[in-house]
Amino acid sequence: MAHPLVELKEVSKTYAAGDMRIHALRDVSFQAEQGEFITVSGPSGSGKSTFLHLMGAVDAPTSGEVFLGGLEISRLSDEGLSEIRRKEVGFIHQFFHLMPTMTVYENVALPLLLQGRKRAEIKEMAENALARVGLSNRMRSFPRQLSGGEMQRVAVARAIIHKPRLILADEPTGNLDSGNSQNVLELVAELHKEDGFTVVMATHDQMPLRYATRRVGITDGRLEEGC
Amino acid sequence: MGVTFSLLRLLAWRRLKEEPFRLALTLVGVALGVAVFIAVKMANETSTRAFENSLVAISGKTQLEVSAGGLGVDENLILKLRAMRELKRAAPVIQQHVWIRGAGGSGARWRRGAASQGSAVLALGLDLLGDNDFRGYEFENKYAREEILSRIADPQGLFIARGVADALRVGVGDFVEVEAARRMRFRVRGVLKPEGMAKSMDGRLIIMDIGVAQEVFERFGRLDRIDLILEDGGEIESIREKIQKFLPPGAIVERPARRGRDVEKMLASFQLNLTVLSVIALLVGCFLIYNTMSASVLRRRGEIATLRSLGVTSKGIVSLYGAEALCIGLAGSCLGVAMGVFMAQGALSFISQTIRNLYAFLEVRHVLFGPRELLWGFGVGLGVSLVSGIFPAIAASRQSPRQGIVERQGKVEVRPAAIAALVSGALLIACLAYWLNLQALAGGTPWPGYLSAAAVILATALFSLPVVLCGSAIVRRTLGGALSAWLAAHGLGRHPHRNAVTLSSLAIAVAMLVSLIIMIESFRATVEVWTQQTLRADFYAAPASRFIKGSRASVSEDALKIIGGVSGVAAVDGFRAVRLPWRGARITLAGGDFRIVAERGRLLFIDGDSKETLTRARTRGEAVVTETFANLYGVKKGDYLRLPAPGGEVPVRVAGVYYDYTTEGGFVVVDRAFLKKHWRDDRLSSLAIYLTENARSEDVRKSLENVLDPTMVLISNAGLKKRVSSIFDQTFAITYALEFIAVLVALLGVATSLSSNILERVHEIGALRAMGLNRKGITTAIMGEAAILGALSVLAGLASGVCLAAILIFVVNKLSFGWTIQYIFAWKGMAAYLLVVVLASLAASWLPARAAARIPIREALSEE
């Protein structure tokens, strides 16, 4: 029997903030199949980022289970979780999170470098990824020399270079103007169509919704389908 | 491994390159710490090795030696020893220290009172015809056997080592003057090749025939020792026991190495103190690396989070940051080792001078070092880098990927429970420190005292975080109305952990500074009081060679009559000091005129009146001992000492214990008449001269100079006190130098920490500037932060230093050297030093503050 790519079973996540306890997610169950483009909408602080972090092996649930490709990842060791992130997941963040000391090429090549790939292979794949996002001419630039839209395109190239099955995008247009937002979303949608990876995109904008094959919403830590 | 190197190159190295100022400060700090540590280590090892090597070289193949301390052995004993079938060879030795200078045609005269004139050398009187089996030496020029015999037979000839020849610029055929019991002029009959024995003491060695030496040193019929070589196959210990039974009372037979053990033991305490001080600079260097790495980890929270989200494991993060710390350590160590080699030369000069002043004659000019020492330096540098870098690296690895992504600004919260734990821990460690001191005093060993000092330093470090938070809160509440003060306090409280590390490193350096100032000034004041109360004679006279530590130079007691006959002299106290073997060590037995000391001088007895105690000791044939002697050998008033003498053991009751700061080993002092009677020695080591009430000091000085033998040095009371003060300053000069470097390294830490704070606050600074705060306001806020940090460090360091000083004075010093020092807090001097530290921390902040003020507003606001 084929497993869904991502599955959350009755997942809850609680954070402590001083004496208070914040329930970021409450009994969330969710499945995502290979090739879906899912948007997760909801207001700020609703639990969207936490939802993505749990799927991306960045955070562990307080209760419940998280599966990636049929593998229960919520009980994995640091080594196991790191391997999942290295191979299966690509992140696109609102604030880009590029390495300021690295060139565009080096930033994009970083996931392959971490996998210990050969130099020639890294070069070929990084150049290809940069070509796909239209930044072949900025390989030697540093992030501080790029516009916001360009920085996010570098982040997209870095997220897809190692051919992950899951792309998690956390408000990828939250820091961009509408023109650049449009460009980045089209790029992600195009790559999704070509490569067939699953996209889970958190957003509180309307613009990304038109690219979604499925929409879910989160309010006060509870998941609702079809928002 | 390959991934770590790639990340090091792409992340760490590029980050460091972007912050050359901070990198340079850290490297210099680490380098200074390593340099000071290995410089002291190399200088200590060089001086110890030089001392040991000279002992070995001068002893040559000697297996056992017979001696009787300063009194020497009867020369006829050698004939009896040679008759023993277990012994293959027996050789006579006279070993003394003398002043020597060239006299080749210059006609210059010795200037009385200038004891430093000329060159101090070790003089050996040997049986030059029969000594070859014991010590190897060769002449630079090749002579025929007959020629050598004629040169040896010359009663006005001597042989000098290359070091002496170079120092005096004399050669074969030139004349030299030797200042021993009498001044004598010799012709240089040969220069020894700089090898073996002639290489020891940096070549400061002269050799003469035994007969000539006995005359020069007025040791007629006496020998300083007899060196022995055993027949093959003899068991040394059983032969030693057999010879010991055969020897007259007061003489002992022992292995040559035993002779240097007393000095080496005293040297070890002195060198341990220097090593501990050098460790402080290294420790402060550790804090600097820790600080740099902590700042790096805090600043790169986002970077770490991104790496973690890309799949780098927590071990990978530890490797990355650990490797970065190691790289800083490696670069700092390279620089430190190079600096250390140069600094070692300066340290050696200080250390050898102190050894010459306080412990033994030692000439060593060049630091000995090889690959082992250099590797040691690298090892220490890398070790401390790893130790200080590993904690920030572990902290970085514990950061979850989510943390860095969500909490981009990295606000650092300190939980009240953590503060309570730190304060409780610090108080617990302070209690442990107190208990360790009690253990040290009860056990009579200084080691728990050192541990206690380490515990106080640890407690200071633990207190630093609460101090930063309290200080920041207090400034905010009291000076919060002033924007710059508010910003400064806010900046301090924003990164309490890192600022606490900076504060603890500066506080520890200040604590050491305070403790040393208190200890040294207390010691100085105690010695000044002691010299004022006990050095009461108007003039002191002694053979010039007596100013070489370890010298046995003496004069005839005829000097008493000669000086006593000078108009204006009321009394002369002849003082004699001889070394005696006792309880497996060598002690100093001294003889003074108790009647004169009781009437005119004064000894500070722990209990009892000086005059009464001395009068009773004189009439009953009792001894008084110094406090250092009493502490070292566990002797107290009323105890009986059984001292070896030529006529057999002499039981002497201890009449009193008095404070004395002249030597570490201390004295047993008896009335000189008692010493003459039992030890059959009528020589004098020095004389204390008291003038009549109406005598004019200058007139008497001139008269004394006319009658005194030209080899004698005459020093006024004020001159002697000045000399005591000068030796005191020389002794502690290196202490201050080491401490200065530790404070300097800590100040580099202040500059590094402030630079890190500023780099993290670029947005904040940009926002403040955008809101209208001018450059001066930013500069004032940053410098205010440094001033608060400096002032808090000084307060914490002062509190800790006062405790450390008490440990040094009442435990470590007391148990290591046996001296009682009055605890004196020199407020004025202390305040000046501490003000300098606060001003220096302000100065250290100037560059970071200027850099902060110059950050362009647009860039600061737009930076990611």
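Residues numbered from 1 in each chain as written. Chains lettered and ligands numbered in written order. Predicted model: local features only at pLDDT ≥ 70, side-chain atom pairs only at ≥ 80, totals over all residues. Heavy atoms only, no water.

A closer look at the overall build of chain A
Okay, step 1: For chain A, the count of helices and strands is 6 helices and 10 strands.
Okay, step 2: Against the compact-globule benchmark of 17 Å for 227 residues, chain A has a radius of gyration of 17 Å, which places it among compact chains.
Okay, step 3: Seen along its three principal axes, the alpha-carbon backbone of chain A occupies a region of about 45 × 40 × 40 Å.
Okay, step 4: Taking all 227 residues of chain A together, 56% fall into the buried category.
Okay, step 5: As displayed, chain A has an accessible area near 9800 Å², and 48% of this comes from carbon and sulfur atoms.
Okay, step 6: Mean positive and mean negative side-chain charge positions of chain A (26 and 29 charges, respectively) differ by 5 Å. (Helix = DSSP H or I, 4+ residues; strand = E, 2+ residues; numbered from the N terminus. Rg over C-alpha atoms; globule rule 2.2 N^0.38 Å. Buried < 20%, exposed > 50% of the residue type's maximum accessible area, 1.4 Å probe, protein only. Areas by Shrake-Rupley, 256 points an atom, 1.4 Å probe, with all protein chains shown as cover. Lys, Arg positive; Asp, Glu negative; His and termini not counted. Charge placed at Lys NZ, Arg CZ, Asp CG, Glu CD.)

As for the state of the cysteines
All names here are of chain B.
Okay, step 1: For the structure shown, the criterion picks out 0 disulfides over all chains.
Okay, step 2: As a non-bridged cysteine, Cys286 has Cys327 as the owner of its nearest cysteine sulfur, 17 Å distant.
Okay, step 3: Cys286 gets classed as buried once you look at its relative accessible area, which sits at 15%.
Okay, step 4: Free of any disulfide, Cys327 has its nearest cysteine sulfur in Cys334, 11 Å distant.
Okay, step 5: Take Cys327: its relative accessible area is 41%, and that puts it in the partly exposed class. (Disulfide = S-S within 2.5 Å.)

Concerning the interface of chain A and chain B
Okay, step 1: Listed per partner, the contact involves 27 residues of chain A and 27 residues of chain B.
Okay, step 2: Across the chain A to chain B interface the summed buried area is about 2500 Å²; carbon plus sulfur atoms make up 61%.
Okay, step 3: Summed over the three residues of chain A that lose the most area to chain B, namely His97(A), Thr101(A) and Leu114(A), the buried surface amounts to 25% of that side.
Okay, step 4: Where chain A packs against chain B, one counts 1 salt bridge.
Okay, step 5: Arg308(B) is the partner of Asp78(A) in a salt bridge, and the nearest nitrogen-oxygen pair spans 2.8 Å.
Okay, step 6: On the surface where chain A and chain B come into contact, there are 4 residue pairs in polar contact (both at pLDDT 80 or more).
Okay, step 7: At the level of secondary structure, the elements contributing two or more residues to the side of chain A that touches chain B comprise helix H2 (78-87) and helix H3 (104-114) of chain A.
Okay, step 8: Here the side of chain A that touches chain B is built from residues that sort into 13 nonpolar, 6 polar and 8 charged. (Contact = heavy atoms within 4.5 Å. Buried area = accessible area lost by both parts, 1.4 Å probe. Salt bridge = Lys/Arg side-chain N within 4 Å of Asp/Glu carboxyl O. Polar contact = N/O pair within 3.5 Å; in protein donor to acceptor, adjacent residues only side chain to side chain. Nonpolar A, V, L, I, M, F, W, Y, C, P; charged D, E, K, R; others polar.)

Structural notes on the domain arrangement of chain B
Okay, step 1: Structurally, chain B comprises domain 1 (1-61 + 262-411), domain 2 (64-254), domain 3 (419-533 + 725-864) and domain 4 (534-724).
Okay, step 2: Summarising the inter-unit geometry, the C-alpha centres of domain 2 of chain B and domain 3 of chain B are found 55 Å apart. (Domains from an automatic or database assignment.)

Quick word on the sheet that holds strand S6 (residues 89-92) of chain A
All names here are of chain A.
Okay, step 1: With respect to topology, 6 strands assemble into an open sheet ordered S6-S7-S8-S3-S9-S10, the strand pairing being mixed. Each edge of the sheet is formed by a strand with only one pairing partner; in this case those strands are S6 and strand S10 (222-225). Going across the sheet, the axis of each strand differs from the next one's by a mean of 20°, ignoring polarity.
Okay, step 2: Relative to strand S9 (residues 214-219), strand S3 (residues 37-41) runs parallel, the two sharing 4 bridges. Within the sheet, the bridge partner assigned to Val40 lies in S9 and is Val216.
Okay, step 3: Running at roughly 170° to S6, helix H5 (residues 148-160) makes contact with S6 and strand S7 (166-170) of the sheet. (Pairing = 2+ DSSP bridges. Axes fitted to C-alpha atoms, helices over the stretch in contact; angles between N-to-C directions.)

Quick word on the sheet that holds strand S5 (residues 71-72) of chain A
Okay, step 1: Pairing is antiparallel in the open sheet, where 4 strands are placed in the order S2-S1-S4-S5 (chain A). Only two strands of the sheet have a single neighbouring strand rather than two, namely strand S2 (20-32) and S5 of chain A.

Side note on the pattern of salt bridges
Two side chains with opposite charge may pair up if their charged atoms get near one another.
Residues and elements named next belong to chain B.
Okay, step 1: For the structure shown, the criterion picks out 45 salt bridges over all chains.
Okay, step 2: Ionic pairing is found between Arg219 and Asp224, a salt bridge with its closest N-O pair at 2.5 Å. Side by side, Arg219 and Asp224 carry an identical accessibility label, which is buried.
Okay, step 3: Ionic pairing is found between Arg372 and Glu373, a salt bridge with its closest N-O pair at 3.2 Å.

Examining the nonpolar core
Okay, step 1: Residues Leu110(A), Met197(B), Ile207(B), Leu307(B) and Tyr321(B) are the most contacted members of the largest nonpolar core, which totals 214 residues.
Okay, step 2: The element best represented in this core is helix H17 (residues 496-534) of chain B, accounting for 20 residues.
Okay, step 3: Among all residues touching Leu110(A), those that are not within four sequence positions of it are Met99(A), Met102(A), Leu7(B), Leu307(B) and Leu310(B). (Core = buried A, V, L, I, M, F, W, Y, C linked by side-chain atoms within 4.5 Å.)

Concerning the packing of helix H26 (residues 775-817) of chain B against helix H27 (residues 827-853) of chain B
Residues and elements named next belong to chain B.
Okay, step 1: It is the contact of H26 with H27, at a shortest axis distance of 8 Å, that shows an interaxial angle of 150°. Judged on the interaxial angle alone, H27 and H26 are roughly antiparallel. Crossing hand, H26 versus H27: right-handed. For the pair formed by H26 and H27, the contact residues are Arg775, Ile778, Thr779, Ile782, Met783, Ala786, Ala787, Gly790, Ala791, Val794 and Leu798 on the first element and Met830, Leu834, Val837, Val838, Ser841, Leu842, Ser845, Trp846, Pro848, Ala849, Ala852 and Ala853 on the second.
Okay, step 2: In terms of residue class, the contact of H26 with H27 is built from 18 nonpolar, 4 polar and 1 charged. (Parallel < 35°, antiparallel > 145°, perpendicular 65-115°, else oblique. Left-handed = near helix turned anticlockwise from the far one by under 90°.)

Here we look at the pairing of strand S4 (residues 63-68) of chain A
Here is the key point about a regular strand: its side chains alternate between the two faces of the sheet.
Residue and element names in this part refer to chain A.
Okay, step 1: Pairing analysis gives 5 bridges linking strand S1 (residues 6-17) to S4, with the strands arranged antiparallel. Across the sheet, Glu7 pairs through a bridge with Phe67, a residue of S4.
Okay, step 2: Pairing analysis gives 2 bridges linking S4 to S5, with the strands arranged antiparallel. Counted as the bridge partner of Phe67 is Glu72 from S5.
Okay, step 3: Here S4 hands over to S5 after 2 residues, with Gly69 in that stretch at a positive phi of 60°.

Some remarks on helix H11 (residues 314-358) of chain B
Okay, step 1: Between the first and last C-alpha of H11(B) there are merely 56 Å, a value that for 45 residues lags more than 12% behind the 66 Å anticipated at 1.5 Å per step.
Okay, step 2: Maximum bend of H11(B): about 30°, positioned at Val341(B). (Expected span 1.5 Å × (residues − 1). Bend = angle between axes of the 7 residues up to and from the residue.)

Describing H27(B)
Okay, step 1: The terminal C-alpha atoms of H27(B) lie 38 Å apart, and with 27 residues this matches the ideal 39 Å at 1.5 Å per residue to within 8%.
Okay, step 2: Within H27(B), the full set of buried residues consists of Met830(B), Leu834(B), Val837(B), Val838(B), Ser841(B), Ala844(B), Ser845(B), Pro848(B), Ala849(B), Ala852(B) and Ala853(B).

Comments concerning the environment of Leu223(B)
Residues and elements named next belong to chain B.
Okay, step 1: The residue Leu223 is located in strand S9 (residues 222-223) in this model.
Okay, step 2: Between the C-alpha atoms of Leu223 and Val66, which are 157 residues apart in sequence, the distance is 9.7 Å.
Okay, step 3: If sequence neighbours within four positions are ignored, Leu223 has contacts with Gly72, Val73, Glu75, Pro92, Val93, Ile94, Ile210 and Gln214.

Structural notes on the packing of H3(A) against H5(A)
All names here are of chain A.
Okay, step 1: Here H3 crosses H5 at 30°, and the two axes come no closer than 7 Å. What the angle tells us is that H3 and H5 run roughly parallel. Crossing of H3 against H5: the hand is right-handed. For the pair formed by H3 and H5, the contact residues are Val104, Asn107, Val108 and Pro111 on the first element and Val154, Ala157 and Arg158 on the second.

Remarks on unusual backbone geometry
Okay, step 1: In this model, Asp27(A) sits at a positive phi of 45°, which is unusual for a non-glycine residue.
Okay, step 2: Positive phi, close to 50°, is recorded for Glu218(B), a residue that is not glycine.
Okay, step 3: Taking the relative accessible area as the measure of exposure, Glu218(B) reaches 22% and is therefore partly exposed.

Structural notes on the packing of aromatic side chains
Residue and element names in this part refer to chain B.
Okay, step 1: According to the stated counting rule, one finds 19 aromatic pairs over all chains in the structure shown.
Okay, step 2: Between Phe523 and Tyr661, the aromatic rings sit 6.2 Å apart at their centres with planes inclined by 65°, giving edge-to-face as the arrangement. Of the two residues, Phe523 sits in helix H17 while Tyr661 sits in the loop between strand S18 (650-658) and strand S19 (667-671), which places them 138 residues apart along the sequence. Each of the two residues, Phe523 as well as Tyr661, counts as buried.
Okay, step 3: Consider the rings of Trp582 and Tyr633, whose centres lie 5.4 Å apart with planes at 70°: the pair is edge-to-face. Within this pair, whereas Trp582 is found in strand S14 (residues 569-582), its partner Tyr633 is found in helix H21 (residues 627-633), the two being separated by 51 residues in sequence. By the burial criterion, Trp582 is buried, and Tyr633 matches it. (Phe/Tyr/Trp six-rings, centres within 6.5 Å; stacked < 30°, edge-to-face > 60°.)

Observations concerning the confidence of the model for chain B
Residues and elements named next belong to chain B.
Okay, step 1: With 95% of its residues at a pLDDT of 70 or more, chain B shows a mean pLDDT of 83.
Okay, step 2: pLDDT under 50 marks residues 105-110. Its contacts with residues more than four places away, or in other chains, come to 10 contacts.
Okay, step 3: Across residues 112-116, where pLDDT falls below 50, the model places 13 contacts with residues more than four positions away in sequence or in other chains. (pLDDT = per-residue confidence, 0-100.)

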